[in-house]
Amino acid sequence: MTRFAMVIDTKTCIGCGDCVVACKTENRVPDGLNRDWIVEATQGKYPQLTTEFRSERCNHCSNATCVTLCPTGASHHWAGTNIVLVDPDMCTGCKACIAACPYDARLVMHPDGYIDKCTFCHHRVGEGLDPACVSSCPTRCMHFGSLDEPSSEVSRLLKTREYKVLSPETGNEPNVYYLI
Amino acid sequence: MKEELFVTARSNALIDPSLHIWTWEVAMYLFLGGLTAGIMVFAATIALLKKDEEAPFAATKLALLAPVVLSLGMTTLFLDLEHKLYVFRFYTSFQVLSPMSWGAWILIVIYPVSILQILSTLRSGYPQASPYVDRFAIGRQVLDWCEANRRQIAMTAIPFGIALGIYTGILLSAFSARPFWNSGVLGPLFLVSGLSTAAALVALVARKHSEKVLFTRFDLGLIAAEVALVALFIINLASGTEQQLTALDSIMGGPYALVFWVLFVGVGLLIPLVLELLEIRGLARRVAIVAPVLVLLGGYVLRQVLIDIGQESNWTKYDTQYNAELLQRLRD
Ligand code: SF4
Ligand code: SF4
């Protein structure tokens with residue numbers, strides 16, 4: 001399985017939300033819905049507080065429980081990669097996959113009745129481009145690429161920087177990394 | 001301390017402030033599915049035990065309810081689907097790891113098995129209807145064959161009934177993402193609850209006294225088993241992960257404590273348990289209708305409560321709206 005990863009630098013992210021707007025524009029996400037979002041996490045004890053901005057979305061898990069539990073095969077891994085997609089023509093709208101996602105990156109219900117979610121912009125990835133969110137980031141804090149290539153930017157960053165993924169204990173093997 | 005807030009909105013009403021994808025339709029389907037399982041298992045058990053005399057309703061008429069109840073359940077399930085035209089997609093593939101896919105196929109197999117069950121006692125159970133089948137040579141042959149093979153049909157119906165009953169629980173427990181559902185006890189719990197509701201149904205509608213008593217006895221044992229399974233379920237969660245402990249809080253003093261303990265455990269299990277104990281001792285006959293009604297109600301409440309709490313339980317801890325306590329929490 002080719003592993004595509006997104007590596008996001010929380011040290012340079014300023015939480016501006018450009019990635020959210022870029023996604024809505026690129027993917028014509030219906031009114032009122034978003035495929036990605038920004039979280040502001042504050043921790044510590046006042047006045048010693050630290051703040052971290054995270055641009056979150058589907059983690060395109062290598063071991064995706066949304067794919068496992070989909071009864072129709074509509075949720076699937078795209079073309080031998082870890083990119084998780086939903087085929088609207090196969091989706092019954094049973095919502096099992098929404099319940100099955102431990103990240104509550106929960107897939108979004110499209111007004112037409114099928115499940116819609118972050119696709120890692122696979123239509124752009126197929127052409128060798130970065131996902132829309134990554135290419136629109138004004139601080140260049142988002143990176144995208146294959147983890148199978150040791151020389152790729154994402155592999156290099158993970159080798160040299162400290163990082164985390166969200167709740168690794170879910171066992172889902174998420175592929176969105178946060179540099180900390 | 002840690003505080004996680006949204007800077008941009010996800011604006012998905014199904015997700016925020018908490019997951020809310022399944023409502024009464026799915027709870028009703030799980031309830032009716034369990035009831036169907038119980039109906040099939042009891043109709044078959046009475047046939048195998050040769051208790052036709054003692055329990056004529058369960059022996060000859062009960063089986064007819066299985067496809068009726070199951071169809072009602074499938075209707076409510078269908079109502080829940082958001083992409084209704086694509087419902088056939090359940091049957092264009094089989095996903096080995098998805099209990100829902102197993103369920104979809106089990107439902108398909110249940111129909112022919114339960115039709116055979118009905119046919120095997122059609123002449124004795126529904127003498128008004130059987131002549132319509134007997135009129136045709138082929139119909140006669142089919143009825144003869146089913147009657148001759150009643151035992152074998154019953155022996156097939158039991159495993160399929162049990163599979164259906166267990167599946168309604170496994171369906172939920174397979175969601176590792178929902179800590180409150182993530183317990184293997186749900187399969188047996190839903191099966192036993194389904195059997196118990198079916199026993200209650202027979203106790204409610206059967207006319208013959210010996211049959212009411214027999215099924216009240218069955219129900220008594222099943223309710224006792226259900227109480228034990230509920231206890232195991234709670235022990236299971238209480239010894240689980242942090243997420244499971246948090247999920248458990250919602251019934252331990254949290255927002256669902258009242259429905260769970262009073263409506264489900266009290267009204268749905270313990271009160272009928274006591275009433276049925278009195279009944280088989282020949283007491284409280286005049287209120288004999290109360291216990292089975294409560295058992296049926298409890299069966300539904302169990303599913304509804306589980307659906308509701310399970311969806312709210314999760315791994316992430318976002319604060320989805322402004323929280324006035326925020327500053328205080330940062331100071332502590
Ligand atoms: S983050 Fe959720 S929706 Fe995305 S692949 Fe993982 S389990 Fe599926
Ligand atoms: S809603 Fe669609 S994609 Fe999700 S589990 Fe059901 S059929 Fe699969």
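About the criteria used
- Residues numbered from 1 in each chain as written.
- Chains lettered and ligands numbered in written order.
- Predicted model: local features only at pLDDT ≥ 70, side-chain atom pairs only at ≥ 80, totals over all residues.
- Heavy atoms only, no water.
- Helix = DSSP H or I, 4+ residues; strand = E, 2+ residues; numbered from the N terminus.
- Buried < 20%, exposed > 50% of the residue type's maximum accessible area, 1.4 Å probe, protein only.
- Contact = heavy atoms within 4.5 Å.
- Areas by Shrake-Rupley, 256 points an atom, 1.4 Å probe, with all protein chains shown as cover.
- Lys, Arg positive; Asp, Glu negative; His and termini not counted.
- Charge placed at Lys NZ, Arg CZ, Asp CG, Glu CD.
- Core = buried A, V, L, I, M, F, W, Y, C linked by side-chain atoms within 4.5 Å.
- Near = heavy atom within 4 Å.
- Nonpolar A, V, L, I, M, F, W, Y, C, P; charged D, E, K, R; others polar.
- Axes fitted to C-alpha atoms, helices over the stretch in contact; angles between N-to-C directions.
- Parallel < 35°, antiparallel > 145°, perpendicular 65-115°, else oblique.
- Left-handed = near helix turned anticlockwise from the far one by under 90°.
- Pairing = 2+ DSSP bridges.
- Expected span 1.5 Å × (residues − 1).
- Buried area = accessible area lost by both parts, 1.4 Å probe.
- Salt bridge = Lys/Arg side-chain N within 4 Å of Asp/Glu carboxyl O.
- Polar contact = N/O pair within 3.5 Å; in protein donor to acceptor, adjacent residues only side chain to side chain.

(A) Main features of the overall build of chain B. Along the backbone of chain B there are 14 helices and one strand. Across its three principal axes, chain B shows a C-alpha extent of roughly 80 × 55 × 30 Å. With 332 residues in all, chain B has 53% of them scored as buried. Here the contacts in chain B between residues at least 6 apart in sequence split such that 75% fall between residues at least 24 apart. Counting every atom, chain B has about 14,600 Å² of accessible surface; 68% of that belongs to carbon and sulfur. Side chains of chain B give 24 positive and 24 negative charges; the mean places of these two sets differ by 10 Å.

(B) View of the nonpolar core. Within the largest apolar cluster, 143 residues are counted, with the highest numbers of intra-cluster contacts made by Met6 and Met142 of chain A together with Trp22, Phe180, Trp181 and Phe215 of chain B. If one sorts the elements of this core by residue count, helix 1 (residues 24-49) of chain B sits on top with 16 residues. Residues Ala5, Leu147, Val154 and Leu157 of chain A belong to the second largest nonpolar core, which totals nine residues.

(C) Geometry of the site of ligand 1. Looking at ligand 1, there are 14 residues lining it, with Cys58, Asn59, Cys61, Cys66 and Cys101 of chain A nearest. Looking at the shell around ligand 1, its residues break down into nine nonpolar, four polar and one charged.

(D) Local environment of the site of ligand 2. Taken together, 14 residues lie near ligand 2, and Cys70, Cys91, Cys94, Lys95 and Cys97 of chain A sit nearest. Taken together, the residues that form the shell around ligand 2 break down as nine nonpolar, four polar and one charged.

(E) Layout of the packing of helix 8 (residues 150-173) of chain B against helix 9 (residues 186-205) of chain B. All names here are of chain B. For the pair helix 8 and helix 9, the least separation of the axes is 7 Å and the interaxial angle reads 135°. Relative to helix 9, the element helix 8 lies oblique. For helix 8 against helix 9, the interelement crossing comes out right-handed. Along the contact surface, helix 8 presents Ile162, Gly165, Ile166, Thr168, Gly169, Ile170, Leu172 and Ser173, while helix 9 presents Leu186, Gly187, Phe190 and Leu191. Partitioned by chemical class, the residues of the contact of helix 8 with helix 9 number seven nonpolar, five polar and no charged.

(F) How the structure looks around the pairing of strand 8 (residues 142-146) of chain A. Residues and elements named next belong to chain A. Within strand 8, five of the five residues are buried, leaving the element largely enclosed by the surrounding structure. What you see with strand 8 is no split at all: Met142, Phe144 and Ser146 on one side and His143 and Gly145 on the other are buried throughout. Inspection of the sheet shows strand 1 (residues 4-9) paired to strand 8 by five bridges, in the antiparallel sense. The residue of strand 8 that forms the bridge with Ala5 is Gly145.

(G) Up close: helix 7 (residues 137-148) of chain B. With 12 residues, helix 7 of chain B ought to run about 16 Å at 1.5 Å a step, and its terminal C-alpha atoms sit 16 Å apart, in line with that. Against helix 4 (99-120), helix 5 (122-125), helix 6 (130-134) and helix 8 of chain B lie the buried residues of helix 7 of chain B.

(H) Structural view of the interface of chain B and chain A. Each side of the interface is counted separately: chain B has 47 residues, and chain A has 54 residues. Buried surface at the junction of chain B and chain A, summed over both partners, amounts to about 4,200 Å²; 56% is from carbon and sulfur atoms. Our enumeration of links across chain B and chain A arrives at four salt bridges. Our count for the contact surface shared by chain B and chain A stands at 20 residue pairs in polar contact (both at pLDDT 80 or more). Elements represented by at least two residues in the side of chain B that touches chain A include exactly strand 1 (2-6), helix 4 and helix 14 (326-331) of chain B. Ranked by the residues each element gives to the side of chain B that touches chain A, the list is headed by strand 1 of chain B, at five residues. Its residues assigned to classes, the side of chain B that touches chain A shows 24 nonpolar, 13 polar and 10 charged. Pairing between strand 2 (residues 37-45) of chain A and strand 1 of chain B: five bridges, direction antiparallel.

(I) View of the sheet that holds strand 1 of chain A. Residues and elements named next belong to chain A. Ordered by their spatial adjacency, four strands build an open sheet running 8-1-10-9, and the pairing between neighbours is mixed. The outermost strands of the open sheet, each flanked by one partner alone, are strand 8 and strand 9 (163-164). Sheet topology note: the strand 1/strand 10 (residues 176-179) ladder contains four bridges and is parallel. Within the sheet, the bridge partner assigned to Val7 lies in strand 10 and is Tyr177. Lying over the sheet, helix 6 (residues 153-160) contacts strand 1, strand 8, strand 9 and strand 10, oriented at roughly 110° with respect to strand 8.

(J) Broad picture of the side chain of Thr168 of chain B. Residue and element names in this part refer to chain B. Topologically, Thr168 is positioned in helix 8. Among the residues examined, Thr168 registers a relative accessible area of 0% and is labelled buried. A polar atom in the side chain of Thr168 sits 2.7 Å from the backbone oxygen of Gly165. Once residues within four sequence positions are removed from consideration, Thr168 is found in contact with Leu30, Gly33, Gly34 and Phe190.

(K) Looking closely at the pattern of salt bridges. Residues and elements named next belong to chain A. Counted according to the given criterion, the structure contains 17 salt bridges over all chains. Arg57 is the salt-bridge partner of Asp36, the closest N and O atoms lying 3.3 Å from each other. Highlighted residues: Asp36 in the loop between helix 1 (18-26) and strand 2 and Arg57 in the loop between strand 3 (48-56) and helix 2 (65-69), separated in sequence by 21 residues. Comparing Asp36 with Arg57, the two get one shared label, buried.

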